[in-house]
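Analysis of the macromolecular model
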Amino acid sequence: MTFGPNTTERIARARADLRMGVPVVLQGGYVILAVETLDQDRLAAVRSLGDLALAITARRAATLKIAAYDGDLARVPLPADADVRWVRAIADPADDLTMPMKGPLYGLREGDALPHRAGIALAKSARLLPSVLVAPVADASSFAVENGLTIVPEYAALTTELSPIDPVIFARVPIEASEAGRLHIFRPEDGGEEHYAVEIGNPSRDEPVLARLHSACFTGDVLGSLKCDCGPQLRAALGQMGANGAGVLLYLNQEGRGIGLANKMRAYSLQDQGFDTVEANHRLGFEDDERDFRIGAEILRKMGFRSVRLLTNNPNKVARMQDHGIAVTERVPLKVGENRHNHHYLATKASKSGHLL
């Protein structure tokens, strides 16, 4: 038996390190620094390791007119005079319109993009901007030990396997929609965010349950933001379950379609510049939707459900549930919450994301 962390636990450490601005080491011989949390001292230190490359996603590269020769990402050699402000300006689109000339920039063609891909995956999982600095080191293990850094294998950073999700506890919670409410807490083994299930009544496990997969939305659910329809959808779904006498609402901590609250606020700022939801996500370097609906399917299975009547306007949710073993016997529309502030947002969901509105 060892007291040291296993690979999954080291990945969790790596995410936390990147969020604090601490570099991590890849076993293949590379140091990774998250651009969002980079400071001038660490930038100066990492220059001593050799040629640096700034990795950005193909989505961000398209905005900057950089050829993404690696397909899903571009590797930009770091100029000798580049400071932290320059590096962040490549990763963060906040000033794209006021400072459009960032080049000339070009993407590297030669070399292995695997460590850069692994670094971006780690940054995304840490809910940071998807951009990293990558520097080579001759002996990864020695470098990590000498500097007290977390070392992880590239394959672990790039894994697409869903972490096991375990039930922690549940308790009775009377709510406005129904006094017969129970809140279940689920925790992934990889150190990621916990997810919740609100069970109304005592739904049968032998029949399709009225269900909703609801992604966390602090601005809509808590603050009552008028920029989206999330808060009204949350309350309407619980209300329907209460009127029905049974149901289950999964509250998945995948804020901002999986990019995190900070990046969601960056997207909001870009929307104020005239970009729609999808365009804003792309300028930040993200895909249209970064959520993982396998989490919802796994929680439903853990609770004993095998089929659902799904409250959603999103056909993709229906498809993903069925792909992952949860039968959807009916799609139940949930059209609420439109107002003058979110009309364009809802139109974008319909035209670009396929929502049935």
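Heads up: these notes are all about the structure in this document. (Residues numbered from 1 in each chain as written. Predicted model: local features only at pLDDT ≥ 70, side-chain atom pairs only at ≥ 80, totals over all residues. Heavy atoms only, no water.)

**As for the overall build of the protein**
- On a plain count of helices and strands, the protein comes out with 15 helices and 13 strands.
- Counting only C-alpha atoms, the protein reaches 65 × 55 × 30 Å along its principal axes.
- Long-range pairs, those at least 24 residues apart, make up 67% of the contacts in the protein between residues at least 6 apart in sequence.
- By element, 52% of the accessible surface of the protein is carried by carbon and sulfur atoms, the whole surface being about 16,600 Å².
- In the protein, 41 positive and 44 negative side-chain charges are present, and the distance between their average locations comes to 4 Å. (Helix = DSSP H or I, 4+ residues; strand = E, 2+ residues; numbered from the N terminus. Contact = heavy atoms within 4.5 Å. Areas by Shrake-Rupley, 256 points an atom, 1.4 Å probe, with all protein chains shown as cover. Lys, Arg positive; Asp, Glu negative; His and termini not counted. Charge placed at Lys NZ, Arg CZ, Asp CG, Glu CD.)

**Details of the pairing of strand 3 (residues 53–57)**
- The buried fraction of strand 3 amounts to 5 of the 5 residues, a majority that puts the element mostly inside the structure.
- Judged by which residues are buried, strand 3 turns out to be covered on both faces: Ala53, Ala55 and Thr57 on one side and Leu54 and Ile56 on the other are all buried.
- Where strand 3 and strand 4 (residues 73–77) come together, 5 bridges link them in antiparallel fashion. Residue pairing in the sheet places isoleucine 56 in a bridge with alanine 74 of strand 4. (Buried < 20%, exposed > 50% of the residue type's maximum accessible area, 1.4 Å probe, protein only. Pairing = 2+ DSSP bridges.)

**Some points on the nonpolar core**
- Among the nonpolar cores identified, the biggest contains 30 residues, and Val25, Leu43, Leu54, Ile56 and Ile66 are the most heavily contacted of them.
- Counting residues per element, this core draws most heavily on helix 4 (residues 84–91), at 4 residues.
- Counting residues in each nonpolar core, the second largest holds 22 residues, with Val209, Leu250, Phe305 and Val308 among its members. (Core = buried A, V, L, I, M, F, W, Y, C linked by side-chain atoms within 4.5 Å.)

**Here we look at helix 15 (residues 343–353)**
- Along helix 15, the residues that are buried comprise Tyr345, Leu346, Thr348 and Lys349. When helix 15 is viewed along its axis, its buried side chains cluster within an angular range of 155° and face the same direction. Of the exposed residues in helix 15, those oriented more than 90 degrees away from the buried face are His344 and Ser351.
- As for helix 15, its buried residues are in contact with helix 10 (255–258) and helix 12 (277–284).
- Glycine 354 occupies a position one or two residues after helix 15 and carries a positive phi of about 80°. (Arc of directions from axis to C-beta.)

**Focus on the packing of helix 11 (residues 261–272) against helix 12**
- Look at helix 11 against helix 12: their axes get within 9 Å of each other, and the N-to-C directions meet at 120°. When the axes of helix 11 and helix 12 are compared, the pair comes out oblique. Crossing geometry of helix 11 relative to helix 12 is assigned as right-handed. For the pair helix 11 and helix 12, the contacting residues are Asn263, Arg266, Ala267, Leu270 and Gln271 in the first and Thr277, Ala280, Asn281, Arg283 and Leu284 in the second.
- Taken together, the residues that form the contact of helix 11 with helix 12 break down as 4 nonpolar, 4 polar and 2 charged. (Axes fitted to C-alpha atoms, helices over the stretch in contact; angles between N-to-C directions. Parallel < 35°, antiparallel > 145°, perpendicular 65-115°, else oblique. Left-handed = near helix turned anticlockwise from the far one by under 90°. Nonpolar A, V, L, I, M, F, W, Y, C, P; charged D, E, K, R; others polar.)

**Considerations on unusual backbone geometry**
- With a phi close to 60°, lysine 65 is a non-glycine residue in the positive phi region.
- The phi dihedral of arginine 127 falls on the positive side, at around 65°, and the residue is not glycine.

**Observations regarding the pattern of salt bridges**
- Under the criterion given, the structure shown has 21 salt bridges.
- Linking arginine 60 and aspartate 96 is a salt bridge whose minimum nitrogen-to-oxygen distance equals 2.7 Å. Remark: aspartate 96 occurs in the loop between helix 4 and helix 5 (114–125) and arginine 60 occurs in helix 3 (residues 58–63); sequence separation between them is 36 residues.
- Among the ionic pairs, arginine 266 bridges to aspartate 92, the shortest N-O distance being 3.7 Å. Of the two residues, arginine 266 is situated in helix 11 and aspartate 92 in the loop between helix 4 and helix 5; the sequence distance between them amounts to 174 residues.
- What makes aspartate 92 partly exposed here is its relative accessible area of 21%.
- Overlapping salt bridges bring together Asp166, Glu298, Arg301 and Lys302 as one network. (Salt bridge = Lys/Arg side-chain N within 4 Å of Asp/Glu carboxyl O.)

**Topic: the environment of glycine 245**
- Structurally, the position occupied by glycine 245 is in the loop between helix 9 (230–244) and strand 11 (247–252).
- Along the backbone, glycine 245 and isoleucine 299 are 54 residues apart, and their C-alpha atoms lie at a distance of 21 Å.
- Once you skip the residues sitting within four places of it in the chain, glycine 245 turns out to touch Ile200, Gly201 and Asn202.

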